[in-house]
Structures are given as structure tokens and as C-alpha cells.
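Now for the letters of each chain:
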Amino acid sequence: MIGRVGASPQRVGGRGRVTGLQHYVADIRLPDILHAKLVTLDCARARIVSIDTSAAERVPGVRLVMTAADLPQPVPRFGPQFQDRPVLAVGETKYHGEPVAAVAADSRDAADEAARLVKVEYEELPAVFTIEGALDPAAPLVQDAAQRPGDNLAATNVLREHLVGWGDVEATQADLVIEHTYEFPMVTHFAIEPHAFMAAPDGDGIAVWSSIQHPNWLQKVLADILGLPLAKVRVHAPDPGGAFGGKQHAKYEPLVALMARRADRPVRLVLTLEETFQAARRASAKIRVRTGFQSDGTFAFQDIAADYLIGAYADIADRVVGKGSYPGCGPYRVPAARITARSILSNTTPSTAFRGFGAPQVNWAVESNIDAGALALGIDRLELRLLNLARLGEAFIPFDTPADGQWEQVVHRAAELIGWGTPLPAGRGRGIAVGIKSGPTTGLSYATVRLLADGSVIVFAGTSDMGQGARTILAQIASDELGAPLDWVTVVMGDTAVVPYDQQTSASRSTVLMGNAVLDACRDIQSKVRAMAARLEGIDPSEIAVEHGVVRLPGREVPIVDVLKPGLGPLGGELIGNGEMRKEGDPGHPLGGSVAFFEFNCTAIEAEVDRETGDIMLVRHVTVSDVGKALNPLQVRMQDEGAAVMGLGHTLMEHYIFDGSGRIRNLGAIDYRIPTSMDLPLELLSDMVENEDGPGPYGSKGMSEGALLCVSAAVAGAVHEATGTVIRDLPLTPERVWRSLQEGGNG
Amino acid sequence: MTTIPIEVTVNGRSRSLQVAPQHTLLDVLRDDLALTGAKECCLVGECGACTVIVDGSTVDSCLMLGVEADGAVVTTIEGLATGGRLTPIQEAFLDEGGVQCGFCIPGQVISAHALLQASAHPSIAEIEEGMAGNLCRCGCYQQITEAILATAEAGRR
């Protein structure tokens, strides 16, 4: 089985996934383990008056009931951007589902029973659950101002304000100005694997298992909290069963580690799906867009004000707000731009990274506003986009990486596949939108590759394979470079004691950053093979080339393994290659670093609306991405179509519903609907543009989020053309569509 | 703690077990038999990650008590491949790209296997309806449908 890049071999690790033998965290059994259960309150914000653990402690099998009082004092706080989240609630809960205590017992039954018996006396406090509520001058503060020293916004619920722009929006004349406000719902990742954590004392250190995307980041958080050197914190990160950003940063690992140390036994905590809803979500948003157009359809300016409702603790949410709003003007030539974005704290589930990282919210607003302008100007929506679209090399964001793809090819392809401009059956409409997302702004990935004596290969890479297929891509690169069949390549991931450092698995970076590190490590081995061949042949290394698994000698070429075996000699052994890929930051850049690459997608939709029920039937959904080079075309298709389906979730059906106490009323799979096989468009078509113009191996680019970015605007555009109704609030549920149709529907 | 004896055949092997009356079949499989292929997600019968076959019918094992399986014949994902050889539907999931993170896949494969047992040549509409009880957040529905169609087609030849 050859794993040449550009081929679509079966997924590496796929066999375990179809036989049930793949072990996710909750499938790993440690001897003598205690089962943990969280204790939470039935409201969002409350003052904890007292906690009585005596009844819980009397449950047979209970070994530990932990409250904030049992933790190191002051209670450790953590977070990737602000260290604001306590290990357990201190004095006050901030959101529905925040744990005030945790129980560990010999059995899950005992832990569940004991958790119910922890008696918490509490007083519900006024709280804020909406943007308007949080911004009210009389609103209670979500975070204690004392926790935000030196912060001039500390007396408000605004965590941060971000401003980027260029040109002079105020001074720019426009023939037409379109201004509307759009809303995006609060949605959750709903990975089918609920978050799971284990910790066990490990000699003089600790071992932790987590379905985490960033094992090295978690290692540092735990080392800081436990006062241990990094080398004494071993993070095992088995492949997550879906993550989508929700498993980037530490959640309950610090709690479980502290429980394991206190009990001096392994402890495991497997969240219920309901608890995962309370642990991670996407920020909702309200976005006002004022777009200036000239009469020929060119943009004069974009003026965007985006308010994102984040949760009670920041997690990575403020970075999401800053980075997600940053490319808000889209991939267009815009002479003047002003983008302000605020991360607004509320007494709700902490929002965090979620596929698209803050970009889908603004995209929904801006692309919809562009449709409104096209309509007012009488210009075709496709033509207007093509007119303004940045071309390769154009510095469309003046201080950042210029347009790094031939994006017009993507748009043309999507238009062709949807049949743009061809006659539509009665009652149908089409929509088209483009999306752009900033790739990573900093990065550091190391890889080690070992070429064993028989020519087989082990790759060590700290990327998490959460379904995106990184294991397969990295194996394909090593297979291609070192000439080993794909099934002779093993990829080891997810163990900080074994695998070299990787900054993180996010921002669709792994093919580019870790891919380059693996390629670099393979090149390191190739140079050793070259030296080996020179020694064996008695010629100068300059006469030899090693590439794509073969050694080119003067007049002949041989497989690498034919040089390796005699070169290693009778004792055997191996060749070890080390690789490194850095993307340095830039402190003067608004994002702390220029963008390594852009993800670009064009989505086009044909839809029909049932006027009696408001139900939207998607006739055809086209998604086309610029991927530079598809190292595995099938996996590109899976990622793009999967992202498209996920985008249909927040577009058509998904949203949290709160009650007056800030309780999520639709916790769990019955009341929170995600797309099923019955919700697919009648036709779902994906395609890609490959010009080998990306910074990754063989010209590849990151590509796992693009197909989600602009689904909403494309669907709403199709609904508008089909019915004349304009809706500026997601999701486009049948009820909302029906009401809009009843009300005449011009928004 | 009270337990109740049951006899159950799991993947062709008869087992005598003492199970807690409140434990689901999923608990029994995962905790008592260490068969962790069936997954825990929603625990309310909506996601399908815990799907197994009981006496010829697919069930969400989170909705069935272990004691209800007394006398039953149960097939889990671990029981499909035999002698180290994947079944055609398992191969097709890999060939067609039906597997990403994989967490829902044991349930998907079991449902697809049962669907093909019930109807050798299902239509696309029958597949989409038959598989609607198995959520996949990676969004592989189209590829899973293709895997089922490809398996049915190969069976025709």
C-alpha cells in the first residue's frame, strides 16, 4: 500500500475505528480507579452559603468529596488568555453548570448518588444572559473587578474591545449605504464523544488522560497548578472523538488531577452530554454592518461593529473575538474599513474555539449585507462579489499576508456547479457567498522520524487526530519521502513523555505546520542516507540525490532501503531525523503575527421553501475550497462536506434556549437538534481548487474550517430569492421562516 | 448491592453475569464485559452511538436494562469482523471515507450492517431514514450512504 501524497488510501487508524477497538479516553481502564461526579446548582449565578458533605460521605464506596475549601488556597485559577477560571467555584457560581464540589467513589453508582446528597445552601443572585443585559449600566458584574487589576474595563462586563481598520471610513463618500444588524445564535460543539478526563499519581509526578486538542498546553497548565516541572506531568491524549475547538483548552483536568493527588488513586471523570453543553459553546453575536457601495458595485467602505456574548470565564473566547472579526471585510478590495469587536462577559457557559473561530458570525452578517446591496443596486450577487474580490498577491488587508490564492477560480467553480444564471424552477432560489478565515499567526511544531533497519518508519508528532485525518496525512508524507509503504509507517501521537513539543492542534494548521516539521525530519534522514550512500559508493555526496524514497546515484537509482541496510551494517540500528517548523509572531501586528495562510471557500445553495410550514428544502449545496494541494483528496472532501453539514446546523436548527435563571432549557440530544442523515441537501457537492500555492508540504494549505464559514449567508440568500423574505437572525427554523413569510418578510 | 443473574450470548459467547438492576445493557457491555466498542454519548436513545443488535434488531443499548437482555443474543461491533477480516460494510466505510473521528462509527456500522441484513438493496431514501438514528458530528452522512450503497452493489455482483 503506497501512501503517495495526492492519493486517498484508507485512513491510518481506520481499522480500529470500524472494529470498535479504538480506545478513546473513556474506554481506557485503569486499575483501582475512582469515578468522579460533579456537583452543580440549578441556576446560573448564586452565592454559596454552605456546603454540607456529610450525607455524601456516608454513601458506601465514597472516598472523596472535594469542595473549594479542600483545594490549595487561594484556589488555583487557569485559562489560556486570562487566568480567571477557578478549579471549583469560589464563593459564587457564575454560570449554570459550574461545579461547586466533586465526589469520587469506587463505583459510578456511588458517585452519582453521593453527588445528589451534597447539600448546598445557596442564594440565587441577579445575573446577565444577553448582550443587552450585560451592557446595561446597572448590570451586575460577571467578574469581580478585583480579579481584573489594571484593566480600565474592569468595572464593566466588556472583557476587551478590538479595533482594526484602514482608510478613513468617515471621509469616504459612497453612492449607497446599506446598514443592518444580524444575530448569530449560541450553539455547541456536540462532539459525539463527551469530554473525558483521568488522572493518576505517577511516581513523583502525575499522569493525566484527556480528550484534549493541545496536550502540551495542558501539560503547562497542570505543571503550573501542581507546582511540578513539565517533565513530571505526563499528558496522554488519545485521539479525541470529535473536538471542533471544544477540546482545545483545559476544562476539568486540573480538578481531576488534584482529586487524584488527594485520594492518592486514579480518578476518572466522564462528562454527560448535558455537562458538555455546559462546558463549551460558540459565542453568540450581534453584528451591525454598514456597507458603502459605489453605483458600479465597488465597495467604498465597510463599517462593522460586532458584539460577541462570551461566557463567565474567558477560556480562549476573547482571542476568538479578536481573530474572528479581523477578516470581517472578507476577501475583498475595501478602500476603507473599521471593525470593532467586543467580547462581552455573561453568566453563561464559557464560550471557546469552535470551527471557524469567530469568523462565521461576522461572515453571516457581512455577506448578507452584500446581498442587500447587490439587490438595491440591481447588480447580480455573483458579479458583485467577483468585481470586488482580491486577486492573487493583492494586499487586501493592508498590513497582512496578501491574497494567497486564485480565489476567483473557486467562485467560478462554485457558480458553475450550482448553475448560477440558469433558469430556476418556480418557487426556488439560489444564494452564493464567500468565506475567509485567517490561519495561524504563530506556530511551533517539532517532529521526530525514525527509519528502522528494515525500512519501516515511526513518526512522532504532537498533533491530535480528532477526525481531521492528520495521522494519515503525516504518514503519507513520510511514506512518500522515505519510500516505505503506508502500512509500514506508524504515527505516534498523544503522549507528552514520548512525542516532541507541538504548540497546538487548531486553526487548520497541522498539515502545514506539523506537515512541514515531518517533511523536515524526513529531509534530515534523507541527508543521512545521502552521506551513507557516499560512504558506501566512495563518491562525493554532491553526486547523490535522495528524494521521494529513492537514492539517485550516478547512472542508477535504488530504493532508500537498499542503501540503509548495508549502511547500518551488521548491528542494524536506525536513522533518526528531527524536524522543526516555526511561524514567528510579530508583536506589532494586530493579531500578534501575520497570517500563515488564508482559508478560502465559496458556498452556493439552491433551495425551496414550503410556504405552509416554513420548512427549507435544500435542493443543492455546493462547497468549493482553495486547498493549494490536496494531499489526500478523499479526506479533503470529507472535511469540506462535514464542515458544510455542520454549518447547516447553526443555519437551520441549532441554538441554546435559556430560562430566566440562566438555565439551558434544551440540554441534551432530544431538545437540541443537530443535522442527521435526513437533513442532508438533496445534492451535496464539494470540489477544490489546487494551484500548489500554499505554505505547506507540496504547496498545501490548511482547509478544515472553510466550508462552514459562509453557509448561513448562502442559505439565506437562496431563501430570499425563493420567497422574497429577508431574515437576519439565525437559525432559519421553520417557525422563524413561516413568521417572516406571514409578516411580509422584508426584514 | 443487589444483583440479578442473567444469561446472555454476546458475540457468539454465552456469558453468565450478575448485573445490577439499574444498569443498562450499555453499562453491562462496557463495564462488566469490557466491550467498549459501543459508546456512551446522549444516554437518551437519540444519538445511536451505543447501537447493538439484540435478537436480530438494532437497539440503543443505553435504553435497555441489562436484566432485559437475559436470554438474548447480542451482537456488538466487536462481533462483526472475524478471523482478522473486516466485513464488507466495514471495508466500505474505510474505502468510501465514512470514518473521521470514529466515535459514532461502531453504532453506524452496526446500524448499516442491520439495514443490509433487512434489505439487501436499499434505496438512498431508505438508507437515510434507516440511519437517521445515528448522529455523526463530523458530518460523514453522504460517505456512509455511499458505503452502504457500495456494499449492496458488491453483494449484487
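A quick note: this is a predicted structure, and the numbers were derived from the prediction, not measured.

Definitions and limits used
- Residue indices begin from 1 for each chain and proceed along its sequence in written order.
- Key to labels: chains lettered from A, ligands numbered from 1, both in the order written.
- For this predicted model, a pLDDT threshold of at least 70 governs which residues receive local features, and a threshold of 80 or more governs which side-chain atom pairs are given and counted, while totals over whole chains, interfaces and linings are taken from all residues.
- Counting from the N terminus, the helices are the DSSP runs of H or I reaching at least four residues and the strands are the DSSP runs of E reaching at least two.
- Throughout, radius of gyration means the C-alpha value; the globule benchmark is 2.2 Å times the number of residues raised to the power 0.38.
- Partly exposed residues are those falling between the two cut-offs: more than 12 but fewer than 20 other C-beta atoms within 10 Å of their own, whereas 20 or more means buried and 12 or fewer means exposed, with C-beta atoms placed from the backbone.
- Working definition of a contact: two residues with C-beta atoms, positioned from the backbone, lying within 7 Å.
- Where each domain begins and ends is defined by an automated method or by a domain database.
- Three classes are used, and their members are as follows: Ala, Val, Leu, Ile, Met, Phe, Trp, Tyr, Cys and Pro are nonpolar, Asp, Glu, Lys and Arg are charged, and the others, Gly among them, are polar.
- DSSP calls a pair of strands paired once it identifies at least 2 bridges connecting them.
- Orient the strands so they point away from the viewer, and a crossover whose first-strand-to-second-strand path over the helix runs clockwise is right-handed.
- Note on geometry: axes are lines fitted to C-alpha atoms, helical ones only across the stretch in contact, with angles between N-to-C directions running from 0 to 180 degrees.
- Expected span of a helix: the number of residues minus one, times 1.5 Å.
- Working rule for angles: under 35 degrees goes down as roughly parallel, over 145 as roughly antiparallel, 65 to 115 as roughly perpendicular, anything else as oblique.
- By the definition used in this description, the sense in which the near helix is turned from the far one sets the handedness, with an anticlockwise turn below a right angle giving left-handed and a clockwise turn giving right-handed.
- We define a nonpolar core as a collection of buried residues of the types Ala, Val, Leu, Ile, Met, Phe, Trp, Tyr and Cys that are connected via C-beta atoms lying within 7 Å of each other.
- Per residue, pLDDT measures the predictor's confidence, with a range of 0 to 100.

## Considering the overall build of chain B
Thought 1: Secondary structure summary: chain B contains 5 helices and 5 strands in total.
Thought 2: Counting helices and strands in the order they occur from the N terminus, chain B gives β-β-α-β-β-β-α-α-α-α.
Thought 3: In terms of overall dimensions, chain B is globule-like: its C-alpha atoms have a radius of gyration of 16 Å, near the 15 Å expected for 157 residues.
Thought 4: Evaluated residue by residue, chain B yields a buried proportion of 56% over its 157 residues.
Thought 5: In chain B, the share of contacts with a sequence separation of at least 24, taken over all contacts with a separation of at least 6, comes to 60%.

## Some remarks on the overall build of chain A
Thought 1: Counting its regular elements, chain A contains 18 helices and 28 strands.
Thought 2: By the compact-globule yardstick of 27 Å for 747 residues, chain A fits well, its C-alpha radius of gyration being 27 Å.
Thought 3: For chain A, the residues scored as buried account for 60% of the 747 residues in total.
Thought 4: Pairs at least 24 residues apart make up 80% of the contacts formed inside chain A by residues separated by at least 6 positions.

## Considering the domain arrangement of chain A
Residue and element names in this part refer to chain A.
Thought 1: In terms of domain boundaries, chain A breaks down into domain 1 (14-21 + 443-583), domain 2 (32-125 + 192-243 + 246-277) and domain 3 (284-440 + 589-742).
Thought 2: The C-alpha-based centres of domain 2 and domain 3 are spaced at 36 Å.
Thought 3: Each partner contributes residues to the interface: domain 2 has 21 residues there, and domain 3 has 21 residues.
Thought 4: If you tally residues by element for the side of domain 2 that touches domain 3, the top one is helix α7 (residues 273-277), at 3 residues.
Thought 5: Across the side of domain 2 that touches domain 3, the residue classes tally to 7 nonpolar, 7 polar and 7 charged.

## Structural notes on the interface of chain B and chain A
Thought 1: Contacts between chain B and chain A engage 43 residues on the former and 41 residues on the latter.
Thought 2: Among the secondary structure elements, those contributing two or more residues to the side of chain B that touches chain A are α2 (88-96), α3 (105-118), α4 (124-130) and α5 (141-156) of chain B.

## Some points on the environment of Leu116 of chain B
All names here are of chain B.
Thought 1: Relative to the elements of secondary structure, Leu116 occurs in helix α3.
Thought 2: Through-space distance from the C-alpha of Leu116 to that of Ala154 is 12 Å; in sequence the pair is 38 residues apart.
Thought 3: Not counting residues up to four positions away in its chain, the partners in contact with Leu116 are Ile89, Ile148, Thr151 and Ala152.

## Quick word on the pairing of strand β28 (residues 683-689) of chain A
Residues and elements named next belong to chain A.
Thought 1: Taken together, the 7 bridges between strand β27 (residues 616-626) and β28 define a ladder with parallel strand orientation. Note on β28: the bridge partner recorded for His621 is Leu684.
Thought 2: The handedness of the β27 to β28 crossover, carried by helix α15 (residues 633-652), is right-handed.

## Concerning the sheet that holds β28 of chain A
All names here are of chain A.
Thought 1: The strand order β18-β26-β27-β28 describes an open sheet built from 4 strands, whose pairing is mixed. Lying at the two open borders of the sheet, with one neighbouring strand each, are β18 (428-438) and β28. Looking at each pair of strands side by side, their axes are set apart by 15° on average, direction ignored.
Thought 2: Relative to β27, strand β26 (residues 598-609) runs antiparallel, the two being bridged by 10 bridges. Paired with Glu608 across the two strands is Met617, which belongs to β27.
Thought 3: The sheet strands contacting helix α11 (residues 407-418) are β18, β26, β27 and β28, and the helix crosses β26 at an angle near 20°.

## Digging into the environment of Gln143 of chain A
Residue and element names in this part refer to chain A.
Thought 1: Counting through the fold element by element, Gln143 comes out in the loop between α4 (131-135) and β9 (158-166).
Thought 2: Between the alpha carbons of Gln143 and Gly592 there is a distance of 26 Å; along the sequence they are 449 residues apart.
Thought 3: Setting aside residues no more than four positions away along its own chain, Gln143 makes contact with Asp84, Arg148 and Leu345.

## Some words on the domain arrangement of chain B
Residue and element names in this part refer to chain B.
Thought 1: We note that the domain assignment places domain 1 (4-79) and domain 2 (88-156) within chain B.
Thought 2: In this structure, domain 1 and domain 2 have C-alpha centres spaced 22 Å apart.
Thought 3: With 12 residues of domain 1 at the contact, the number on the domain 2 side is 11 residues.
Thought 4: The class makeup of the residues in the side of domain 1 that touches domain 2 is 7 nonpolar, 4 polar and 1 charged.

## Re helix α12 (residues 470-482) of chain A
Thought 1: Here α12 of chain A contains 13 residues, and its C-alpha end-to-end distance of 18 Å stays within 8% of the 18 Å for a straight helix at 1.5 Å per residue.
Thought 2: One or two steps after α12 of chain A, the chain reaches Gly483 of chain A, where phi turns positive at roughly 75°.

## A look at the packing of α12 of chain A against helix α13 (residues 513-537) of chain A
The packing of two helices is summarised by the inter-axis angle and the distance between the axes.
Residue and element names in this part refer to chain A.
Thought 1: Axis separation between α12 and α13 bottoms out at 10 Å; the angle between their running directions is 25°. Overall, the two elements α12 and α13 adopt an arrangement that is roughly parallel. The two elements α12 and α13 cross, and the hand of that crossing is right-handed. Facing Ala470, Ile473, Leu474, Ile477, Ala478, Glu481 and Leu482 of α12, the residues of α13 in contact are Met514, Gly515, Val518, Leu519, Cys522, Ile525 and Gln526.
Thought 2: Split into classes, the residues belonging to the contact of α12 with α13 amount to 11 nonpolar, 2 polar and 1 charged.

## Notes on unusual backbone geometry
Thought 1: Along the chain, Gln73 of chain A connects to Pro74 of chain A via a cis peptide bond; the corresponding omega equals -10°.
Thought 2: Structurally, Pro74 of chain A can be placed in the loop between β3 (62-67) and β4 (77-78).
Thought 3: Note the cis peptide between Leu730 of chain A and Pro731 of chain A, where omega equals -5°.
Thought 4: Tracing the sequence through the fold places Pro731 of chain A in the loop between α17 (711-723) and α18 (734-742).
Thought 5: Positive phi outside glycine occurs at Phe244 of chain A, with the angle close to 60°.
Thought 6: Positionally, Phe244 of chain A belongs in the loop between β13 (233-236) and α6 (253-263).
Thought 7: The phi dihedral of Leu43 of chain B is positive, around 60°, even though this residue is not glycine.
Thought 8: Relative to the helices and strands, Leu43 of chain B is located in the loop between α1 (25-32) and β3 (51-54).

## Details of the sheet that holds strand β21 (residues 489-492) of chain A
All names here are of chain A.
Thought 1: On the basis of which strands lie adjacent, the open sheet formed by 4 strands has the order β21-β20-β19-β25 and mixed pairing. Every other strand in the sheet has two partners, leaving β21 and β25 (574-583) as the edge strands with one partner each. On average, each strand axis in the sheet is tilted by 15° relative to the strand beside it, whichever way the strands run.
Thought 2: Docked against the sheet, α13 engages β19 (443-452), β20 (457-461) and β25, running at close to 140° with respect to β25.

## What about the nonpolar core?
Burial of nonpolar side chains together is a common tendency in soluble globular proteins.
Residues and elements named next belong to chain A.
Thought 1: With 293 residues, the main nonpolar core has Val103, Val256, Val459, Ala478 and Val518 as its most contacted residues.
Thought 2: Ranked by residues supplied to this core, first place goes to α13 with 11 residues.
Thought 3: Apart from residues no more than four positions distant in its own chain, Val256 is found in contact with Ala36, Phe197, Met198, Ala199, Val267 and Leu269.

## Focus on the confidence of the model for chain B
Thought 1: Averaged over every residue, the pLDDT of chain B is 97; residues scoring 70 or more account for 99%.
Thought 2: Scored as a whole, the predicted complex attains pTM 0.98, and scored at its interfaces, ipTM 0.98.

## Some points on the packing of helix α5 (residues 215-226) of chain A against α6 of chain A
Residue and element names in this part refer to chain A.
Thought 1: α6 packs onto α5 with a crossing angle of 50° between their chain directions and a minimal axis gap of 10 Å. It follows from the interaxial angle that α5 and α6 lie oblique. Crossing of α5 over α6 shows right-handed handedness. From α5, Leu218, Val221, Leu222, Ile225 and Leu226 reach across to α6, where they touch Glu253, Pro254 and Ala257.

## Quick notes on the pairing of β26 of chain A
Residues and elements named next belong to chain A.
Thought 1: Across the 12 residues of β26, 12 count as buried, placing the element largely inside the fold.
Thought 2: Residues of β26 alternate between two faces, with Phe598, Phe600, Cys602, Ala604, Glu606 and Glu608 on one and Glu599, Asn601, Thr603, Ile605, Ala607 and Val609 on the opposite face, all of them buried.
Thought 3: As paired strands, β18 and β26 are joined by 11 bridges and run antiparallel to one another. Across the sheet, Ser438 pairs through a bridge with Phe598, a residue of β26.
Thought 4: If you look at the hairpin formed by β26 and β27, you'll find 6 residues sitting between the two strands, and Gly614 has a positive phi there, around 80°.

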